[in-house]
Amino acid sequence: MSIYTEISESLQKGRAKIVKALVEQAIAEGCPAAEILGEGLLDGMNSIGEKFKKNEVYVPEVLVAARAMNMGMEVLKPLLAEDGVASAGRVCIGTVQGDLHDIGKNLVKMMMEGKGLEVIDLGVDVSPETFVQTAIEQDCDIICCSALLTTTMDVMGEVVKQAEAAGIRDRVKIMVGGAPVTDAFCKQIGADKYTSDAASAADAAVELCENK
Ligand code: B1M
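Everything quoted here is computed from the prediction, not taken from an experiment.

The rules behind each value
Residues numbered from 1 in each chain as written. Predicted model: local features only at pLDDT ≥ 70, side-chain atom pairs only at ≥ 80, totals over all residues. Heavy atoms only, no water. Axes fitted to C-alpha atoms, helices over the stretch in contact; angles between N-to-C directions. Helix = DSSP H or I, 4+ residues; strand = E, 2+ residues; numbered from the N terminus. Left-handed = near helix turned anticlockwise from the far one by under 90°. Contact = heavy atoms within 4.5 Å. Nonpolar A, V, L, I, M, F, W, Y, C, P; charged D, E, K, R; others polar. Donors = N, O, S within 2.8 Å, 3.2 Å for Na, K, Ca; no water. Polar contact = N/O pair within 3.5 Å; in protein donor to acceptor, adjacent residues only side chain to side chain. Salt bridge = Lys/Arg side-chain N within 4 Å of Asp/Glu carboxyl O. Near = heavy atom within 4 Å. Pairing = 2+ DSSP bridges.

Comments concerning the packing of helix α1 (residues 3–12) against helix α3 (residues 33–53)
At step 1: For the pair α1 and α3, the least separation of the axes is 8 Å and the interaxial angle reads 35°. For the crossing formed where α1 meets α3, the hand is right-handed. Counting all contacts with α1, which are made through Y4, I7, S8, L11 and Q12, the residues of α3 involved are E35, I36, E39, G40, L41, D43, G44, M45, S47, I48 and K51.
At step 2: Of the residues belonging to the contact of α1 with α3, the class tally is 7 nonpolar, 5 polar and 4 charged.

Right under this line is the structure:
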């Protein structure tokens, strides 16, 4: 078994310390950082994402896999920066104003990081102004809004309106999701993409960045 397969499989089992040690070993053996990332860590997170979509694994498995991914990334990040490995795109994500639910938002964030996207996490209770300002200041490709309450999902419409008013709609896409959100609602408020789960959100974000 190649060291990349070992990293991928250990990550899927959530064996964080083993993943970290294997990444260190791969670096010591002279493996390129981009390959360790793509064929090891990202391969593992992609597999978990696919299994999560098919309900073959659940939230706890995703969380431990993401922890293992983060441990591996800690070792790899400085080398990736040195090698100038480009990110797949940059997004900012948050749960909308008035809403404190963050478990789903955190899953989306982890899946997106697992796809090689740079993710700026704005946390919970995020105002439309903060989403839009961050997208401008951090040059984000996508604003990602999560809402779990029927009473807060309308804030997403306000994010779209404020992004339009700020003149960034031609270069910043807006993605929405969360239990009460639907594709029809996404279209109604003029957002760009609705997805029902974290793994699909990560796939869609990569696609949106590629097609920019
Ligand atoms: Co709250 N809560 N809660 N709650 N809570 C719900 C959402 C509720 C459905 C429970 C119920 O009544 N049956 C209900 C909402 C009803 C409604 O609006 N129609 C509700 C309520 C009413 C409330 C309070 C108002 C209760 C009160 O105080 N009276 C209050 C509101 C506080 C506030 O936000 N201002 C409240 C508080 C809380 C806790 C703090 C106790 C806690 C949150 C802890 C936390 O998040 N750190 C909590 C919880 C845990 C829940 C339930 C039980 C679980 C939510 C969850 O984490 N699901 C929930 C009932 C339920 O769903 N069974 C409930 C797991 C998570 C993985 O799923 O977030 O949907 P989810 O994310 C999914 C997808 O939706 C998608 O990906 C994820 C998985 O792949 N997704 C995206 C999410 N964001 C996305 C963004 C994307 C794409 C996909 O693109 C950008």
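After presenting the structure, the write-up continues.
Looking at the coordination of the cobalt atom of the ligand
At step 1: Within the protein, a single donor atom binds the cobalt atom of the ligand, namely H101 (NE2) at 2.2 Å.
At step 2: By the element assignment, H101 lies in the loop between β1 (90–95) and α5 (103–114).

Brief notes about the side chain of S127
At step 1: As for its position among the elements, S127 is in the loop between β2 (118–121) and α6 (128–137).
At step 2: Of the polar contacts made by the side chain of S127, one reaches the side chain of T130; its length is 2.9 Å.

Considering the pattern of salt bridges
At step 1: Applying the stated criterion across every chain, the model contains 10 salt bridges.
At step 2: With a closest N to O distance of 2.5 Å, D183 and K187 form a salt bridge. Residue D183 and its partner K187 are both found in helix α8 (residues 183–189); the two are separated by 4 residues, about one turn of the helix.
At step 3: Overlapping salt bridges bring together E50, K53, K115 and D203 as one network.

Points about the site of the ligand
At step 1: Lining the immediate surroundings of the ligand are 26 residues, of which L100, H101, D102, S146 and A198 lie closest.
At step 2: At a separation of 2.7 Å, a nitrogen atom of the ligand approaches a polar side-chain atom of D102.
At step 3: The contact in question runs from an oxygen atom of the ligand to an N or O atom on the backbone of A179, over 3.3 Å.
At step 4: Elements with a minimum of two residues in the shell around the ligand: α5, β3 (142–146), β4 (173–177) and α9 (198–210).
At step 5: Examining the composition of the shell around the ligand, we find that 4 residues originate from one element, α5, more than from any other.
At step 6: For the shell around the ligand, a count of residues per class yields 14 nonpolar, 9 polar and 3 charged.

Observations regarding the sheet that holds β3
At step 1: The parallel open sheet is built from 5 strands, whose spatial order is β2-β1-β3-β4-β5. Of all strands in the sheet, those bounded by a partner on one side alone are β2 and β5 (193–194).
At step 2: Across 4 bridges, the pairing between β1 and β2 is parallel. Across the sheet, I93 pairs through a bridge with D121, a residue of β2.

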